[in-house]
Amino acid sequence: MKYAFAFISFTLLLWNCTARNEEDQYGTDDPCETAAVSYSQDVSVILSANCTSCHNDSNPTAGLSLEGHTNASTSALGGALMNRVQRPNGDPLLMPPYGQLSECDQAKLRKWVNEGALDN
Ligand code: HEC
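Presented here is a report on the structure given in the accompanying data block. All values reported here derive from a predicted model rather than from experimental measurement.

## Examining the site of the ligand
Item 1. Around the ligand lies a shell of 20 residues, among which Cys51, Cys54, Ala62, Ala80 and Met95 are the nearest.
Item 2. Sort the elements by how many residues they give to the shell around the ligand and helix H4 (residues 80-85) lands first, with four residues.
Item 3. Each residue belonging to the shell around the ligand can be placed in one class, and the counts come to 13 nonpolar, six polar and one charged.

Now the structure itself:
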């Protein structure tokens, strides 16, 4: 009986490891597509969901609106946007103030900025 239990535990352990490895290899749970990042498909969506509640045209907190490509690319190319977004949790200058964007969203913003913050 003891052995049967040990065998089952071991099998479950192996199965669990295999499942995890497949997940690591193929990223089935959380695919982060950064191959073709664009302002309209990715960046504007991230900024609308996380930034423009405070930084919008009618109420530009800290004098900054991130609404529309012109505003967003100006802040991005000046360096301020990534400077704030890539700070660690707990840093008083981190944006958004309540906690870091997901790794994936940060990667997309970084890619867009590195490619020239295009209106694409
Ligand atoms: C809850 C409101 C709020 C949200 C959401 C928010 N910010 Fe801010 N942001 C502020 C405040 C308040 C300041 C001024 C204080 C400071 O500088 O930290 C600021 C300052 C900034 C600055 C510096 C000002 C400048 O002109 O350089 C940048 C850049 C910035 N935010 C970018 C962002 C980005 C990018 C996001 C989304 C990822 C975001 N913020 C989300 C409230 C917010």
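Now that the structure is up, let's keep going.
## Remarks on the environment of aspartate 119
Item 1. Along the chain, the position of aspartate 119 falls in the segment after helix H5 (103-114).
Item 2. Aspartate 119 sits in the partly exposed class, given 14 other C-beta atoms within 10 Å.
Item 3. Leave out the neighbours within four places in its chain, and aspartate 119 touches Tyr39 and His69.

## A short note on unusual backbone geometry
Item 1. Residue proline 96 follows methionine 95 across a cis peptide bond; omega there is -10°.
Item 2. For alanine 62, which is not glycine, the phi dihedral falls at a positive 60°.
Item 3. Relative to the helices and strands, alanine 62 is located in the loop between helix H2 (39-50) and helix H3 (68-77).
Item 4. By the C-beta count within 10 Å, which is 9 here, alanine 62 ends up exposed.
Item 5. Non-glycine residue alanine 117 carries a positive phi angle of around 50°.
Item 6. Structurally, the position occupied by alanine 117 is in the segment after H5.

## Structural notes on the nonpolar core
Item 1. Counting residues in each nonpolar core, the largest one holds 15 residues, and the members touching the most others are Val43, Leu47, Ala72, Ala76, Leu109, Trp112 and Val113.
Item 2. Taken together, the elements giving at least two residues each to this core come down to H2, H3, H4 and H5.
Item 3. With sequence-adjacent residues up to four places away left out, leucine 47 is seen in contact with Thr52, Leu66 and Ala72.

Here is what the cut-offs are and how they apply
Residues numbered from 1 in each chain as written. Predicted model: local features only at pLDDT ≥ 70, side-chain atom pairs only at ≥ 80, totals over all residues. Near = placed C-beta within 6 Å. Helix = DSSP H or I, 4+ residues; strand = E, 2+ residues; numbered from the N terminus. Nonpolar A, V, L, I, M, F, W, Y, C, P; charged D, E, K, R; others polar. Buried ≥ 20, exposed ≤ 12 C-beta atoms within 10 Å, placed from the backbone. Contact = placed C-beta atoms within 7 Å. Core = buried A, V, L, I, M, F, W, Y, C linked by C-beta atoms within 7 Å.

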